[in-house]
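Working through the structure, step by step
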Amino acid sequence: MKPTWKALAAALQDKKATDIAVIDVRDVCSFTDYIIIGTGMSDRQIRAMAEHVMETFGKPFGREGLEQGRWVLLDYVDVVIHIFQGDVRKYYDMEGMWYEAKRIV
C-alpha cells in the first residue's frame, strides 16, 4: 500500500518539522500528485526526519540530499517530500514554483 500524503506529513510532524505545506499538483504536474514541504532546524534533524519517514514507509523510489542534510528529497511516486533548512527553503521558494496548484495544508 502506498503511503498517503496525510500519513507522510504526520511522520514529519513526529520529528518536529515546522511550516509543513501540502500542495495538490495533480492538475499541473505529470510526475506526482502531491508535494509536501517541511522545514528542519539543522542537518541532523532533517536527516532524522527523512530516516523516520523511510523507516515507517519503506525505501522511496528516489532520494537525494541525505548526506548534506540541507535539502532532502524523498520520492514516493504519488507524493514527493522536500525537507529544507529554513534559508534553503526560502531561497528555492517551492511554494512559489507551484503557485498554480492548490495548497491543502
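I will try to describe carefully the structure that is included in this document. Since the structure is predicted, the reported quantities are computational estimates derived from the model, not experimental observations.

Points about the sheet that holds strand 5 (residues 79-85)
- The strand order 3-4-5-2-1-6 describes an open sheet built from 6 strands, whose pairing is mixed. In this open sheet, the two strands that pair with only one neighbour each are strand 3 (62-64) and strand 6 (102-103).
- Here strand 1 (residues 18-24) pairs with strand 2 (residues 34-40) via 5 bridges, running antiparallel. Looking across to strand 2, one finds that Thr18 is bridged to Thr39.
- The strands touched by helix 2 (residues 43-57) within the sheet are strand 2, strand 3, strand 4 (71-75) and strand 5, with strand 5 carrying the most contacts at an inclination of about 160°.

Let's talk about the environment of Lys15
- Among the structural elements, Lys15 can be located in the loop between helix 1 (5-14) and strand 1.
- For Lys15, a relative accessible area of 34% puts it in the partly exposed group.
- Sequence spacing of Lys15 and Ile46 is 31 residues, and the spatial spacing of their C-alpha atoms is 8.8 Å.
- Those residues within four positions of Lys15 in sequence are excluded, and the remaining contacts are Gln45, Ala48, Met49 and His52.

Cut-offs used in this document
- Residues numbered from 1 in each chain as written.
- Predicted model: local features only at pLDDT ≥ 70, side-chain atom pairs only at ≥ 80, totals over all residues.
- Heavy atoms only, no water.
- Pairing = 2+ DSSP bridges.
- Helix = DSSP H or I, 4+ residues; strand = E, 2+ residues; numbered from the N terminus.
- Contact = heavy atoms within 4.5 Å.
- Axes fitted to C-alpha atoms, helices over the stretch in contact; angles between N-to-C directions.
- Buried < 20%, exposed > 50% of the residue type's maximum accessible area, 1.4 Å probe, protein only.

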